[in-house]
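Results of the structural survey
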Amino acid sequence: MIILALISFPVLLGFAWGKESAWNGQTPSGTDTPGPFRPYYVPPGAKSYDSSSPLIHLTGSWFDSFNSMYVATTLRWTDEKGAAARMTFVGTGIEWFGGLDRSHGIAAVFIDGKKVQEIDTWSNVSRKQQRIFWTFNLPYGKHTIKVKNLGKGRVDSPVIDIDAFVVTEGVTGVSAMQLTVISDTHALIIDKVEHNPVMGCLFNLQTHAVRPLEVESNSFCAGGTFLSNGTLINVGGNPVVGGYTSAADFGDLDGLQAIRIFEPCPSASAAHCNIYENHSRIRMASPRWYNTVIRISDGSAMIVGGSKKGGWMNNETVNNPTIEYWPPKSIHNSIGLPIHLPFLVRTLNANLFPIVFSLPDDRIFMAANQDAIIYDWRTNQEQRLPRIPNECRVTYPMAAAGLLLPLSPEDGYTAEILLCGGSTIDDKKPGYEISSQDPASSQCSRLLLTDQGIAAGWMVEQMPEARHMPDAVLLPTGEVLIVNGARTGISGYGNVIDQVGQSNADHPVLTPVLYDPTAPAGRRFSSEGMRSSTIPRLYHSVATLTPNGDIMVAGSNPNLDRSEVKYGTEYRVEWIGPPYMKKIRPLVHKPPKALRYGQNLTLSVKFPSSTDNARSIKVALMDLGFVTHAVHANSRLVYLSSSLFSDGHSLQITGPPRPAVYPPGPGWIYVIVDGVPSVGFQVMVGTGNGPPVDDTAWDNLLRMTVVDQYEASKTKGKKKVNTE
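Report follows, based on the coordinates. (Residues numbered from 1 in each chain as written. Predicted model: local features only at pLDDT ≥ 70, side-chain atom pairs only at ≥ 80, totals over all residues. Heavy atoms only, no water.)

1. Quick look at the packing of aromatic side chains
What counts is decided by this rule: The pairing test for Phe, Tyr and Trp rings, Trp by its six-membered ring, is centres within 6.5 Å, and the orientation test on the planes gives stacked under 30 degrees, edge-to-face over 60, and tilted for anything in between. Under the scheme used here, helices are H or I runs from DSSP no shorter than 4 residues and strands are E runs no shorter than 2 residues, and both carry numbers assigned from the N terminus. To sit over a ring, a charge needs its Lys NZ or Arg CZ within 6 Å of the ring centre and within 35 degrees of the ring normal.
This structure, assessed with the given rule, holds 13 aromatic pairs. Seen in terms of ring centroids, Phe220 and Trp289 are 6.1 Å apart; in terms of plane orientation they differ by 55°. Their pairing is tilted. Separated by 69 residues along the polypeptide, Phe220 in the loop between strand 17 (210–213) and strand 18 (223–226) and Trp289 in the loop between strand 21 (275–276) and strand 22 (292–295) bring together distant segments of the chain. Through pairs of rings, three or more aromatic residues link up here, namely Phe220, Trp289, Tyr290, Phe353, Tyr396, Tyr493 and Tyr539. Residue placement shows Lys618 over the ring face of Tyr639; its charged tip is 4.7 Å from the ring centre.

2. Details of the sheet that holds strand 18
Basically, it comes down to this: Note: two strands are recorded as paired if DSSP finds a minimum of 2 bridges between them.
Strand order in the open sheet formed by four strands is 18-19-20-21, with antiparallel pairing between adjacent strands. Bordering the open sheet on either side are strand 18 and strand 21, each of which pairs with just one other strand. Here strand 18 pairs with strand 19 (residues 232–235) via four bridges, running antiparallel. Residue pairing in the sheet places Gly224 in a bridge with Asn234 of strand 19.

3. Looking at the nonpolar core
Nonpolar side chains in soluble globular proteins generally cluster together in the buried interior. How we decide: Remark: nonpolar core denotes a set of buried residues (Ala, Val, Leu, Ile, Met, Phe, Trp, Tyr, Cys) joined through side-chain atoms within 4.5 Å. A simple rule labels every residue: compare its accessible area, found with a 1.4 Å probe on the protein chains alone, to the largest value its type can have, and call it buried under 20%, exposed over 50%, or partly exposed in between. Contacts: residue pairs with any heavy atoms within 4.5 Å of one another.
Counting 51 residues, the largest nonpolar core has Ile189, Val480, Ile482, Leu545, Ile551, Met552 and Met622 as its most contacted members. If near-sequence neighbours (up to four positions away) are discounted, Leu545 is found in contact with Val181, Val473, Leu474, Leu475, Pro476, Asp550, Tyr580, Met622, Leu624 and Tyr670.

4. Points about the state of the cysteines
In protein structure, a disulfide is the covalent linkage between the sulfur atoms of two cysteines. As a reminder, the rule being used: By disulfide we mean two sulfur atoms from cysteines, separated by a distance within 2.5 Å.
Across all of its chains, the model carries two disulfides by this definition. Cys265 shares a disulfide with Cys273; S-S distance 1.7 Å. Because the torsion about its S-S bond is 75°, the bridge between Cys265 and Cys273 counts as right-handed. Each member of the pair Cys265 and Cys273 is classed as buried. The disulfide partner of Cys420 is Cys444, and the gap between their sulfur atoms is 2.0 Å. Where Cys420 bonds to Cys444 through sulfur, the torsion about that S-S bond is close to 120°, and the disulfide is right-handed. In this pair, Cys420 is assigned in strand 31 (residues 416–421) and Cys444 in strand 32 (residues 443–448), connecting sequence segments 24 residues apart. As far as burial versus exposure is concerned, Cys420 and Cys444 are alike and both buried. Assigning the bonded cysteines of the protein chain consecutive numbers by sequence position, one obtains the connectivity 1-2, 3-4.

5. Quick look at the environment of Phe607
Note that Phe607 resides in the loop between strand 45 (600–606) and strand 46 (617–623). Among the residues examined, Phe607 registers a relative accessible area of 12% and is labelled buried. Sequence separation of Phe607 and Gly648 is 41 residues, and the distance between their C-alpha atoms is 8.5 Å. If sequence neighbours within four positions are ignored, Phe607 has contacts with Arg615, Ile617, Leu644, Gly648, His649 and Val673.

Fair warning: the whole summary comes from geometry, so function is off the table for now.
In structure tokens:
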């Protein structure tokens, strides 16, 4: 039976105000008028205890105040030195909300008897319902917070107050717009700015604790990939948006050209793992919003397409119909600058977040809108493929799920593409002619990338339910779990008629479906044993396989800002356990850390006794991908050649034959015995060296381009690269 577990995933909040235009085709009213923001918020899975709660125990002299500006209209305050408020709770995190003004002073915060911070609550401007202290990385269990007035500060008899405590009863973090697994203990989650002073976090896959990460530039709708040395780059984004993001509070770093660096982080605590940005030296040549990033056979990143600024539907004015590489290359006389790709002009308007995969013949598959090509990056040549059938569009804002199906030595690593879902909505229609009730597509299309397969064209079958914005997750068994999405509408928010809240889509699909690509046509889809969720997962939802073998499902925020409307911002996480999670699983002893191309390694495997009489053994090398907006960039499963020695536990495996089959970089190995995989272990495929660096190309990029900063601070007269 499929197991669907649920934990909560609340938000890291702050306060902001500003004055610039917004994205997604909207300019919210009041964006030119700065105003205060009260960050008090109780996301799903958290619980608020206002100051009148009997669970809050007070020592010393405290006084009550009542005002509609307080949580539940009540607040308790003290000006007595040594007075304290204490609350015992069960959870993984807690937030203290209160007031800031000129009468306030310094408080000490204790967690479980240990002083963790002193906080000055003085402010020149009076603010209510402010988040004063927070922690989200406590082990699940019973904890006690104490807030004590230290009787010191900038005024005599300084005040501290308690408006509310918000307890995280499961786990917490930013809303999961972007997701990737970085180690056997952690996943990296990235969101956008808005009212999130913390845009990223590290989510502990074992304890569900969260450690916030600082992201300097706006990462809204960025892409990402690992490089050959295990470094993760997070690429592109959007300008800071006023009214919802303020330069004064968050800095003025435009994310459009950003390349954010996250070095390998194998530490179980992830205590010193951080994101690095230096836009003066590390940036793209051109601005990109909604770009796709993949790792290619030399271990570098290919950055594909996108828009030159935030909006909604792409168009020729903002289209960025180019590719570029990181680190920059001098290929095709580009000397580090973008290379024009006609495919990204032909596929306007619905061609953002193109579906892109590196193929085992060292070329690149691309799908956008209703079209597909194979791109030879070494010769800069496009090979057109048959059009996707039945007028089905497969990329934003008509997003489908796309996968490279498992590669196997048995057929010479022949590539086959799967595209599921999307929409037949006309991408030339304006938003006022598109409805959230327009039906999505149930179509799944497969194309075998051989001469015969291409000549035969796309093979079409139908999912049990139509889905737009689905996530398709490869399992070690070779099956595909399809989850999330909507039966009607289109990606984005605030653009169409019949919006639900702000959502452009409606009728969430709540039941996962398992797809077996090896089963006979007509018998490939099954929802047997699948428990339906109660959580709508629409725009900005994600899902990924974990090292443990289950599937993490998170996110959903079809809103300009965090929201509590229908289809509001979602912070809870669900876990889907395929049937193998309840079976006795193979165990790999002392797994290796690295795997070279063509290298033979011997694994010591403890096999379940139940498999003695019928033992089918496969070894899967997997890239779990970088997931955002239904795009699972780099998602990959390569079955390795393997043979079992006569001792019954020594299993010899052979590394992939060449980098094009599995581009150099991090991967996960699962040993599958009679359909039951082991827990995955991480390996570095290849030498572990970084991708080639072309100093001439890098220097030329820096010389010919400028940092695309916050719109208000852009300087005229500087030369910028032409991306047309």
